[in-house]
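Residues per chain are reported as follows:
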Amino acid sequence: MALIRLLPAEPKVPFLALRRWFLVFAMVLMTGSIATFLTQGLNFGVDFRGGILIEIRTHQPADIEELRGRLGGLGLGEVTLQEFGAPTDVLINVQRQDGDEAAQMAAISTVRAELGELVEEYRRTEFVGPRVGEELRRAGMLATILSLLGIAVYIWFRFEWHFALAALLALVHDVIATVGFFSVLQIEFNLATLAAVLTIAGYSINDTVVVFDRVRETVRKYKKKAMPEILNEALNATLSRTILTSVTTLIALVTLYVLGGEVIRGFTAGLIWGVVIGTFSTIGIAVPLLYYLGLRRSSLAPAEEEQKGATPAAASGGG
Amino acid sequence: MVQISRLQLLAIVGVLLAGLAFAAPNLLSRATLDRLPDWIPNQPVNLGLDLRGGSYLLLEVDVDGVFEEQLSGFVDSVRVELRRARIGYTGLGLDDESVVFSLREQADIERAREVLRDYIGDAVLRIDEQGRGSITLTDEAKAERRVSVVQQSIEIVRRRIDETGTREPTIQRQGEDRILVQLPGVDDPERIKELLGQTARMSFHLVDEDVVPGVDSVPPGSRLLQSQEREVAGAPREYVVRNRVMVSGDNLVDAQPTFQDGQPVVSFRFDSIGAQRFGEATRSNVGRLFAIVLDDQVISAPVIREPILGGRGIISGSFTTQSAQDLALLLRAGALPAELTVLEERSVGPGLGADSIAAGETASLLGLVLVMLFMSAAYGLFGVMAACALLINLILILGVLSGLQATLTLPGIAGIVLTIGMAVDANVLIFERIREEVRNGRGPVSAIDMGYRQALSAIIDANVTTLIAAVLLYNFGTGPIRGFAVTLAIGLVTSMFTAIMVTRLMVVSWLRAGRAKKALPI
């Protein structure tokens, strides 16, 4: 009935045999991300850095060079301009001014006065004071750490500590790789992109949990098979679903990337990267880590035994 | 799982109808909605400021400044009262968060206590045996004052914004001493920021004409203030003004912009107490100058030509029409008890908002159609069912958003598009399971039953974990990000419902229609 088949009905990809390559790749990706982050940092938006962002639409196509000269001569420190989606749309970034909030407010007025009649519409004005920027940074870090831990704890309750730890490490990988993505491409990192990072964590864990669920089931099904074989079978059994869901999500996100407008383009780019990386981390990190962490059949005894706490591992794992 | 009871059926249909009913207002025009009776859902989605255009201002109330002011008031009281009681003291001043002084004679300790007690309100006065004294504000008094100052500021902010004619502003307290102001439709908040940027404390003082500003030293009890008026040379004129307040702006009941000799001026009216004080003060000081002081700046300092008894007067100065209007507005709305600072500002013009809505609509619809096509292609008839469920899912999201009057923001639209992509996951899980069971040799009914049963735990675990991320996003995010978390969370719940209940209903109906004789269309 189906018009398309992306995969053979019962794929047999030797994922577990590739586990070393996957982990090496993940390590390279993370090291690269951290290195880039340390050397060129993130292109923080006004939300986190504090400062002023003004998006204008001009009557005539804007002469960016000329505008840059004029705004640069106002004594406001670094002012960066870029065309934003259309020749008449310009995004103006003004660095955080020395002094208190009043100094920032004055800078907005200065820029507006200089632009004067040139502007047809002030499409967006964002100003974040140094204190709020600091608070948002802190809240963002806290939200990221707490959501990773919250997810890990939930998995620990529903599965086993091996699963929780493997999922947590895979998530840390996703977050680091995503931060690296924003750092390498120097895409503006703002509140929305932070939300993208957290959503990636949500998507990635979604993917991981589905496979873990299958691992648990497969372990209970076979009494004698070796663990790598079991893990590989679980991955292959869910492979079709993994790919289908990634594809539908990517379809929606690419549509949004192309048509959703400039404002959320960076955010969408992050999500697209996250779907790819989140899918990889399930197959390449989370499941192989289950093997390396020494997942045993005994710790995943059938449900009835688990409830009685018959096996020591189940009792200690809180399963 | 292939049995759906009558009750379940009713529940599913009920939810779908409710979703439709709540989503429907989004298709109607505002005028039609206003004509609808109250008992049917008539609220479209509540758009965030980033979509409808408007301004968001986060203000901080400078409560510490109020405490400082209160303490320096105590310094003045101590100076005046001890001197009046002929008690000698040294070292009077502010030290950190208290007023300190020491008495010359230990014999005066008791007397000083009695003299000062009446002037310090709920602050604490301590004088030790060596005669070292201190006045401090207690933490309780500070906390109480903080609450009342912020409350009062919110009230004044509201009045000032109402006076500008802004429609539907939201003004609420945030945290301990912050005020969040949301102004839909205001894409240029410059004027409002200007209005909120001054405390507008007005008072009338006599000018100390014996002292020449800038030449003589300023005697105690007076101070040197700058004027808004300018000298011929361009520098602001200066006045030495008596500290004692003739009448304060608190006694004003009305102020209006008007014209006098073609110049913009502000006319005002005092309440009865103010009128009486002003009358007395002007009667005994005819021929002298009095200064109209606003926020430590002299607006003008006219000569008192005759006693002003009716409680009405006119403030002239170097006004433009706009500044006369603003001053009248500020005086009508009342003075702020503390200074306000803008900590954060976000404004979006109507053009960008409309563009964002249009872009969001196109992206969601196209995304929806593409995913529906893909699902149909990948799973045949069952895929078509999942595609229908996806459409229903979108209607439900819209219905829940409208029903709860949750705010839809631009990242919120992104959340919906993301949900469109992810929502099919549950169906994909189920369908893959059914295929597997078929491969394992089960019959159609049994395969469907097992497919739903086996996929359920993965679906729930996967969605709960994502929900955890959404809840944390909501708790730590602000404004638009919260909008994203809300739609993501709503989308997760509705997608579980449509995948597990709605498609199952379709599949089961299809089974009952007796078409499952041969292979499953999957």
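Everything quoted here is computed from the prediction, not taken from an experiment. (Residues numbered from 1 in each chain as written. Chains lettered and ligands numbered in written order. Predicted model: local features only at pLDDT ≥ 70, side-chain atom pairs only at ≥ 80, totals over all residues.)

Chemist: Go over the overall build of chain A with me, naming the residues and quoting the values.
Modeler: When helices and strands are counted, chain A shows eleven helices and six strands. Taking 319 residues into account, the globule formula puts the C-alpha radius of gyration at 20 Å, and chain A, at 25 Å, lies well above it. Projected onto the principal axes, the alpha-carbon positions of chain A cover approximately 80 × 45 × 30 Å. Per-residue burial over chain A gives 50% buried out of 319 residues. Considering only contacts within chain A whose residues lie at least 6 apart along the sequence, 74% involve residues at least 24 apart. (Helix = DSSP H or I, 4+ residues; strand = E, 2+ residues; numbered from the N terminus. Rg over C-alpha atoms; globule rule 2.2 N^0.38 Å. Buried ≥ 20, exposed ≤ 12 C-beta atoms within 10 Å, placed from the backbone. Contact = placed C-beta atoms within 7 Å.)

Chemist: Just give me the short version of the overall build of chain B, but keep the residues and values in it.
Modeler: A tally of helices and strands in chain B yields 13 helices and 19 strands. Since a compact globule built from 522 residues should have a radius of gyration of about 24 Å, the 35 Å found for chain B marks it as more spread out than a globular shape. With respect to the three principal axes, the spread of C-alpha positions in chain B is 110 × 65 × 45 Å. Classification of the 522 residues of chain B by burial places 43% in the buried group.

Chemist: Can you tell me about the packing of helix α6 (residues 139–163) of chain B against helix α9 (residues 321–333) of chain B, naming the residues and giving the values?
Modeler: If you want to describe how two helices pack, look at the angle between their axes and the distance between the axes. Residue and element names in this part refer to chain B. At a minimum axis distance of 9 Å, the contact between α6 and α9 shows a crossing angle of 140 degrees. Between α6 and α9, the crossing angle belongs to the class labelled oblique. The handedness of the crossing between α6 and α9 is right-handed. Along the contact surface, α6 presents Ile156, Arg159, Arg160 and Glu163, while α9 presents Leu329, Leu330, Arg332 and Ala333. Of the residues belonging to the contact of α6 with α9, the class tally is four nonpolar, no polar and four charged. (Axes fitted to C-alpha atoms, helices over the stretch in contact; angles between N-to-C directions. Parallel < 35°, antiparallel > 145°, perpendicular 65-115°, else oblique. Left-handed = near helix turned anticlockwise from the far one by under 90°. Nonpolar A, V, L, I, M, F, W, Y, C, P; charged D, E, K, R; others polar.)

Chemist: Please set out the interface of chain B and chain A residue by residue, giving values where relevant.
Modeler: Of the residues lining the interface, 65 residues belong to chain B; the matching set on chain A comes to 63 residues. Mapped onto the side of chain B that touches chain A, the elements with two or more residues apiece are β18 (340–348), α10 (350–404), α11 (410–439), α12 (444–476) and α13 (479–512) of chain B. With 18 residues, α10(B) is the largest single contributor of residues to the side of chain B that touches chain A. Residue composition of the side of chain B that touches chain A, by class: 40 nonpolar, 14 polar and eleven charged.

Chemist: Could you give me a rundown of the domain arrangement of chain B, with the residues and numbers involved?
Modeler: Taken domain by domain, chain B holds domain 1 (6–53 + 349–512), domain 2 (55–196) and domain 3 (199–334). Across the side of domain 1 of chain B that touches domain 2 of chain B, the residue classes break down as two nonpolar, three polar and one charged. (Domains from an automatic or database assignment.)

Chemist: Please provide a residue-by-residue account of helix α9 (residues 265–292) of chain A, values included.
Modeler: It helps to recall that an α-helix has 3.6 residues per turn; residues three or four apart then point in one direction. All names here are of chain A. With 28 residues, α9 ought to run about 40 Å at 1.5 Å a step, and its terminal C-alpha atoms sit 38 Å apart, in line with that. In α9, a bend of some 40 degrees at Ser281 exceeds every other bend along the element. Most of α9 sits out of view: 22 of its 28 residues are buried. Following α9 by one or two positions, Gly294 adopts a phi angle in the positive range, close to 80 degrees. (Expected span 1.5 Å × (residues − 1). Bend = angle between axes of the 7 residues up to and from the residue.)

Chemist: Explain the nonpolar core to me, using residue names and the numbers behind them.
Modeler: By size, the foremost hydrophobic cluster in this structure holds 220 residues, and its most contacted members are Ile151(A), Ala167(A), Ala201(A), Leu59(B), Leu390(B) and Leu473(B). Sorting elements by how many residues they give to this core places α10(B) first, with 21 residues. If sequence neighbours within four positions are ignored, Ala201(A) has contacts with Ser147(A), Leu148(A), Ile151(A), Leu171(A), Asp174(A), Val175(A) and Ala469(B). (Core = buried A, V, L, I, M, F, W, Y, C linked by C-beta atoms within 7 Å.)

Chemist: I'd like a description of the sheet that holds strand β3 (residues 89–95) of chain B, backed by residues and values.
Modeler: Residues and elements named next belong to chain B. What the four strands build is an open sheet, ordered β3-β4-β6-β5; its pairing is antiparallel. The open sheet has two edge strands with one neighbour each: β3 and β5 (124–127). Each strand axis lies, on average, 15 degrees off the axis of its neighbour in the sheet, ignoring direction. Where helix α4 (residues 63–84) meets the sheet, its contacts fall on β3, β4 (98–103) and β6 (132–136), and the angle it forms with β3 comes to roughly 170 degrees. Here helix α5 (residues 109–117) sits on the sheet and contacts β4, β5 and β6; the angle it forms with β5, its principal contact strand, is near 170 degrees. (Pairing = 2+ DSSP bridges.)

Chemist: Can you tell me about the sheet that holds strand β9 (residues 202–206) of chain B, naming the residues and giving the values?
Modeler: Residues and elements named next belong to chain B. With respect to topology, six strands assemble into an open sheet ordered β11-β10-β16-β15-β9-β12, the strand pairing being mixed. Single-partner strands in this sheet number two, and they are β11 (236–242) and β12 (247–248). Relative to β12, β9 runs antiparallel, the two sharing two bridges. Note that in β12 the partner of Ser203 across the bridge is Ser248.

Chemist: Quick one: what's the story with the domain arrangement of chain A, residue by residue and with numbers?
Modeler: Much of the literature gives interface size as the accessible area that the parts lose upon coming together. By domain assignment, chain A separates into domain 1 (16–43 + 133–317) and domain 2 (51–128). Each of domain 1 of chain A and domain 2 of chain A was reduced to a C-alpha centroid, and the two centroids are 40 Å apart.

Chemist: Can you tell me about the confidence of the model for chain B, naming the residues and giving the values?
Modeler: Per-residue pLDDT for chain B averages 87, and the proportion of residues at 70 or more is 98%. For this predicted complex, the interface confidence comes out at an ipTM of 0.85, alongside a pTM of 0.80. (pLDDT = per-residue confidence, 0-100.)

Chemist: Residues and numbers for the pairing of β6(B), please.
Modeler: All names here are of chain B. With five bridges joining them, β4 and β6 adopt antiparallel strand pairing. In the strand pairing of β6, Ser102 is matched with Arg132. Note that β5 and β6 share four bridges and pair antiparallel. In the strand pairing of β6, Arg126 is matched with Ser134. Between the end of β5 and the start of β6, which pair antiparallel, lie four residues, with Gly131 showing a positive phi angle near 90 degrees.

Chemist: Any chance you could break down helix α6 (residues 161–185) of chain A for me, citing the residues and the numbers?
Modeler: Residue and element names in this part refer to chain A. When the terminal C-alpha atoms of α6 are compared, their 36 Å separation across 25 residues agrees well with the 36 Å that a helix rising 1.5 Å per residue should span. Most of α6 sits inside the fold, with 18 of its 25 residues counted as buried. Just past α6, the residue Gln186 takes up positive phi, approximately 55 degrees.

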